[in-house]
Amino acid sequence: MRLSKRIQEIQPSATISISNKAKAMKAEGKPVLSFSVGEPDFNSPECASKAAIDAINRGESHYTLNPGIIELRQEVAKYYKKRFNLDYTADEVLVSSGAKPLLYEALQMLVDPGDEVILFAPAWVSYVEQIHLAGGKEVIVDTLATDLLPTRAALDKALSPKTVGILMNTPSNPSGAIYGEETLKMIADVAREKGLWIIFDEIYERLVYGGAKHVNILNVAPDLRDQTILINGASKAYAMTGWRIGYAVGPKELIKKMNTLQAHLTSNASSIAQWAALGALKDGDPVVEKMRQAFEERRGTILELVRDMPYLKVREPEGAFYIFVDIRDCPLPDDMKFCERLLEEKFVAAVPGTAFFAPGFVRFSYACSMDNIKEGMKRLKEFLQSL
Ligand code: PMP
Ligand code: GLU
């Protein structure tokens with residue numbers, strides 16, 4: 001059967017494929033430890049589950065307003081005021097089935113065929129495919145040689161008359177790096193000078209460690225409000241990946257256009273999940289802090305264990321829940337083969353850096369139990385010694 005060119009060209013999501021492979025091996029009885037998919041191992045906060053159960057009992061089983069229930073959009077607007085002192089109204093918030101479709105909708109809205117979009121690598125796997133699905137072309141600004149932060153010189157080099165926008169993510173998946181004020185100001189200057197839009201994916205903003213601070217780009221460049229879309233959601237901060245709730249915050253006209261697309265695509269996000277997210281946003285803060293502390297402890301342990309291994313190099317990540325390990329000095333520097341053999345020989349699942357435009361690196365998610373971290377890193381060390 002003839003398939004569209006678009007779908008023939010799409011690459012599978014490496015994060016999801018590896019996680020599925022690990023799950024399948026586990027189901028066959030293999031002792032797999034997964035450091036692959038980025039999702040908290042915690043259950044969702046009780047306040048979220050309770051809000052969902054109440055919603056079921058109330059009969060909230062119908063389509064909701066397409067952009068999301070007003071209560072949740074108001075709460076997201078309130079959150080942005082409280083957390084970043086940014087003023088948004090409920091009609092400047094769009095709720096969707098996770099952050100992923102919002103990124104897709106934003107790109108569909110902003111990218112025409114042939115347009116170029118700047119990505120800072122290492123970059124999360126789905127960005128590039130979503131840019132392609134909009135007919136656009138990614139232009140990669142590599143940050144591996146500059147402490148995982150983009151420089152003005154590198155960004156300038158990537159610009160062309162076809163550049164329309166910048167799609168960025170801080171804290172970064174996969175590197176865990178946080179873009180500080182100076183870097184954000186530099187990116188904002190370029191966007192301002194060239195009239196570029198910015199999609200600012202801050203889905204890991206609550207997960208920062210060691211006194212590091214997440215900065216919202218509009219706090220350093222408030223004048224860019226009209227050309228910036230903020231992407232956030234319940235998945236990571238509230239351990240609610242399965243509920244599928246994300247939110248986009250941006251100027252009314254753009255949000256309205258994304259909503260028009262959403263009305264043809266998914267309609268509203270699950271009604272029950274929206275009420276659950278509202279419960280989480282209202283009362284989940286203490287739980288978020290507890291989980292953050294647990295991640296911080298795990299980060300300390302995994303870093304200590306990896307630093308004790310031969311060949312590997314790792315930069316301390318300030319946020320998210322990943323370590324991004326440089327394997328280029330090891331006898332098996334091919335990250336694809338490394339991950340394949342690590343899974344087959346030691347039953348440890350991790351994601352090759354190639355999936356993030358960073359060959360020679362491997363991503364380990366430490367959003368799993370301390371026991372898994374200790375046992376998994378023991379196996380990784382044995383693997384390295386066996387090479
Ligand atoms: N952005 C980044 C950087 C992510 O890591 C993820 C994780 N899947 C998403 C967006 C999408 O989040 P969601 O699960 O809410 O769709
Ligand atoms: N964002 C997570 C990851 O990178 C979840 C999987 C996905 O959606 O890609 O592993």
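It should be emphasised that the depicted structure is a prediction, and the values quoted were computed from it without experimental measurement.

**Some details on the sheet that holds strand β10 (residues 322-326)**
Line of reasoning, step 1. Judged by pairing direction, the sheet is antiparallel, and its four strands sit side by side in the order β9-β10-β13-β12 without closing on themselves. With one partner strand each, in any of the chains shown, β9 (313-314) and β12 (351-352) form the two edges of the open sheet.
Line of reasoning, step 2. Strand direction decides the pairing type here: β9 and β10, joined by two bridges, are antiparallel. The residue bridging K313 from the neighbouring strand is D326, located in β10.
Line of reasoning, step 3. Across the sheet, helix α13 (residues 335-346) is in contact with β12 and β13 (361-365); its angle to β13 comes to roughly 40 degrees.

**Details of the sheet that holds strand β5 (residues 163-169)**
Neighbouring strands of a sheet are bound in pairs by backbone hydrogen bonds; such pairs are parallel or else antiparallel.
Line of reasoning, step 1. Strand order in the open sheet formed by seven strands is β2-β8-β7-β6-β5-β3-β4, with mixed pairing between adjacent strands. With partners counted over all chains shown, the strands left at the sheet margins are β2 (93-96) and β4 (137-142), one partner each. Here the average twist between neighbouring strands, direction ignored, is 20 degrees.
Line of reasoning, step 2. Pairing geometry for β2 and strand β8 (residues 246-249), over four bridges, is antiparallel. Note that in β8 the partner of V93 across the bridge is V249.
Line of reasoning, step 3. Relative to the sheet, helix α10 (residues 252-265) contacts β2, β7 (228-233) and β8, its axis offset from that of β2 by approximately 25 degrees.

What counts and what doesn't
- Residues numbered from 1 in each chain as written.
- Chains lettered and ligands numbered in written order.
- Predicted model: local features only at pLDDT ≥ 70, side-chain atom pairs only at ≥ 80, totals over all residues.
- Heavy atoms only, no water.
- Pairing = 2+ DSSP bridges.
- Helix = DSSP H or I, 4+ residues; strand = E, 2+ residues; numbered from the N terminus.
- Contact = heavy atoms within 4.5 Å.
- Axes fitted to C-alpha atoms, helices over the stretch in contact; angles between N-to-C directions.

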